[in-house]
Amino acid sequence: IEYTSRGYKGEVLWSDPWLFETDYRFRARLYALTREHEGYSKRELGFQPSLARNITKQWEVSAFLLAKQVEFTDFTIDPPELLGRQKYLANSAGFSSTLDFRNNAANPSRGFIGTATLDAASSVLGSEVEFVRGTFRLSYYLPVTRRTVLAFGARGGVIAPTGGSATTTVATRRKMRALRTRQNADLIAQNDTRLPIDERFFSGGSTSVRSFVERDLGPKDRNGLPLGGEAFTVFNVEYNFPIFGDVKGAVFADAGNLKSRADDFGISDLRYAFGAGVRYNLPFGPIRLDYGLNPSPRADEDRGAFHLSIGVAF
């Protein structure tokens with residue numbers, strides 16, 4: 001059971017590392033949570049079983065199912081149609097593959113990790129929303145000297161609505177143009193609402209483009225609240241060096257974007273961060289304090305952002 005200022009989460013997890021005395025690992029997770037995000041709150045109930053196996057010591061593959069019921073409450077997104085469906089059942093199945101050649105998962109100083117995940121939600125599984133989603137991650141750690149490390153990261157993802165979503169979107173937009181102001185209709189036309197807001201990607205924060213606070217990079221409503229998008233990219237480079245003992249310093253540069261539509265996936269309209277930070281290494285990962293400077297802030301953006309977090313940045 002977990003409680004934070006953003007909500008609560010209750011979870012029951014059952015794990016069998018040797019399913020039926022084989023090399024397969026089975027996990028089943030049943031959870032319920034509430035979460036407050038900027039612009040909306042949500043209630044979610046879900047069940048997720050997964051099956052994983054190591055092909056080699058460094059190569060793991062897994063398959064999973066996810067069934068969840070989501071409902072949005074207390075939303076201030078304007079107009080509310082930008083939320084997409086406000087209550088829905090999403091049932092999906094997916095596959096993930098990971099290559100991990102890092103020397104240490106919590107505090108890596110050499111090696112690389114690459115992960116690719118593909119999942120889909122379909123009415124065949126009883127889902128009320130339909131989509132195909134793919135994400136990837138690649139992180140590489142290069143020791144420069146005995147105590148300094150140069151790290152590179154690249155991540156991206158696309159989620160594309162499928163099934164009857166497009167037809168629903170056209171009907172919704174026509175209705176909005178007829179019943180709402182021209183300003184609202186234009187805002188909806190610019191931001192794809194075929195997917196509920198909670199299924200979209202968000203960007204900005206301590207593991208993304210660090211000149212933006214969490215979820216603040218990308219499309220927004222008329223009040224400046226984040227709407228998420230269907231495609232994103234993030235690129236990071238960071239140099240870590242010792243200060244004293246287990247305290248380390250870091251300088252970094254980040255670049256990334258967030259696009260409303262999956263068709264726009266790519267590296268256009270990148271936003272940037274240049275910054276520095278300190279780290280204190282612990283057995284489960286470093287405590288990080290970073291400041292990222294936005295070199296070209298737009299009218300509705302801050303000049304930079306501070307981040308306090310635990311774990312590697314990418």
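All of these numbers come straight from a predicted model, not from anything done at the bench. (Residues numbered from 1 in each chain as written. Predicted model: local features only at pLDDT ≥ 70, side-chain atom pairs only at ≥ 80, totals over all residues. Heavy atoms only, no water.)

A.B. asks: I'm lost on the pattern of salt bridges in this one. Help?
C.D. replies: A side chain of one charge can pair with a side chain of the opposite charge when the charged atoms of the two come close. Tallied over the entire structure, the rule returns 22 salt bridges. Arg-6 is paired through a salt bridge with Glu-214; the nearest N and O atoms lie 3.0 Å apart. Highlighted residues: Arg-6 in the loop between β1 (2-4) and β2 (7-16) and Glu-214 in the loop between α2 (182-190) and β10 (231-244), separated in sequence by 208 residues. Judged by relative accessible area, which is 35%, Arg-6 ranks as partly exposed. By relative accessible area, which is 44% here, Glu-214 ends up partly exposed. In this structure, Arg-25 and Glu-60 form a salt bridge, with 2.3 Å as the shortest nitrogen-oxygen distance. One end of the pair, Arg-25, is in strand β3 (residues 25-37); the other, Glu-60, is in strand β5 (residues 59-73), with 35 residues separating them in the sequence. Of the residues examined, Arg-25 reaches a relative accessible area of 26% and is grouped as partly exposed. In this structure, a network of salt bridges that share partners links the residues Arg-210, Glu-238, Asp-254, Arg-279, Arg-288 and Asp-290. (Salt bridge = Lys/Arg side-chain N within 4 Å of Asp/Glu carboxyl O. Helix = DSSP H or I, 4+ residues; strand = E, 2+ residues; numbered from the N terminus. Buried < 20%, exposed > 50% of the residue type's maximum accessible area, 1.4 Å probe, protein only.)

A.B. asks: Even after reading the chapter, I still don't get the packing of aromatic side chains, so can you show me in this structure?
C.D. replies: Given two aromatic rings, their pairing is described by the distance between the two centres and the angle made by the two planes. Summed over all chains, the structure comprises seven aromatic pairs. Between Tyr-40 and Phe-72, the aromatic rings sit 5.2 Å apart at their centres with planes inclined by 70°, giving edge-to-face as the arrangement. Taken as a pair, Tyr-40 in strand β4 (residues 40-54) and Phe-72 in strand β5 lie far apart in primary sequence, 32 residues in all. Among the residues examined, Tyr-40 registers a relative accessible area of 1% and is labelled buried. Phe-72 sits in the buried class, given a relative accessible area of 4%. Relative to Phe-232, the ring of Phe-201 lies with its centre 4.9 Å away and its plane at 55°, an arrangement referred to as tilted. With Phe-201 in the loop between α2 and β10 and Phe-232 in strand β10, this pair connects stretches of sequence that are 31 residues apart. By relative accessible area, Phe-201 is classed as buried at 12%. For Phe-232, a relative accessible area of 13% corresponds to the buried category. Among the aromatic residues, those joined into a ring-pair cluster are Tyr-40, Phe-72 and Tyr-88. (Phe/Tyr/Trp six-rings, centres within 6.5 Å; stacked < 30°, edge-to-face > 60°.)

A.B. asks: Sorry, what's going on with the nonpolar core here?
C.D. replies: Among soluble globular proteins, nonpolar side chains are generally buried collectively. Counting 24 residues, the largest nonpolar core has Phe-72, Ile-77, Leu-83, Tyr-88, Phe-131 and Ile-197 as its most contacted members. Breaking this core down by element, the ones donating at least two residues are β5, β6 (87-100) and β10. Excluding residues within four positions of it along the chain, Leu-83 makes contact with Tyr-40, Phe-72, Phe-75, Ile-77, Leu-195, Pro-196, Ile-197 and Arg-200. Listed in part, the five residues of the second largest apolar core include Tyr-141, Val-149, Ala-151 and Ala-313. (Core = buried A, V, L, I, M, F, W, Y, C linked by side-chain atoms within 4.5 Å. Contact = heavy atoms within 4.5 Å.)

A.B. asks: Can you help me understand the environment of Arg-102 in this one?
C.D. replies: With respect to the secondary-structure elements, Arg-102 resides in the loop between β6 and β7 (111-121). Under the relative-accessibility criterion, Arg-102 is labelled buried at 18%. Along the backbone, Arg-102 and Phe-112 are 10 residues apart, and their C-alpha atoms lie at a distance of 5.2 Å. The residues touching Arg-102, leaving out its near neighbours within four places in the chain, are Pro-108, Arg-110, Gly-111, Phe-112, Ile-113, Arg-137 and Tyr-141. There is a polar contact of 2.8 Å between the side chain of Arg-102 and the side chain of Asp-100. (Polar contact = N/O pair within 3.5 Å; in protein donor to acceptor, adjacent residues only side chain to side chain.)

A.B. asks: What is the right way to read the pairing of β6 from this model?
C.D. replies: Along any regular strand, the residues point their side chains to alternate faces of the sheet. Inspection of the sheet shows β5 paired to β6 by 13 bridges, in the antiparallel sense. Within β6, the residue paired with Leu-65 across the bridge is Ala-93. The pairing of β6 with β7 spans nine bridges and is classified as antiparallel. Bridging across to β7, Gly-94 finds its partner in Asp-119. (Pairing = 2+ DSSP bridges.)

A.B. asks: I would appreciate a short explanation of the confidence of the model for the chain in the present structure.
C.D. replies: Considering every residue of the chain, the mean pLDDT works out to 92; 91% of them sit at 70 or more. For residues 165-169, every residue scores under 50 in pLDDT, and the model assigns this stretch five contacts once sequence neighbours within four places are set aside. (pLDDT = per-residue confidence, 0-100.)

A.B. asks: Would you mind going over the pairing of strand β12 (residues 271-280) with me for this structure?
C.D. replies: Residue alternation in β12 divides its side chains into a buried set, Arg-271, Ala-273, Gly-275, Gly-277 and Arg-279, and an unburied set, Tyr-272, Phe-274, Ala-276, Val-278 and Tyr-280. In the sheet, strand β11 (residues 247-259) pairs with β12 via 10 bridges, with the strands oriented antiparallel. In the sheet register, Phe-252 faces β12, and the bridge partner there is Gly-275. Direction of pairing for β12 relative to strand β13 (residues 287-293): antiparallel, over a ladder of seven bridges. The residue bridging Arg-279 from the neighbouring strand is Arg-288, located in β13. Between β12 and β13, which pair antiparallel and follow one another directly, the connecting turn spans six residues, one of which, Gly-285, has a positive phi of 130°.

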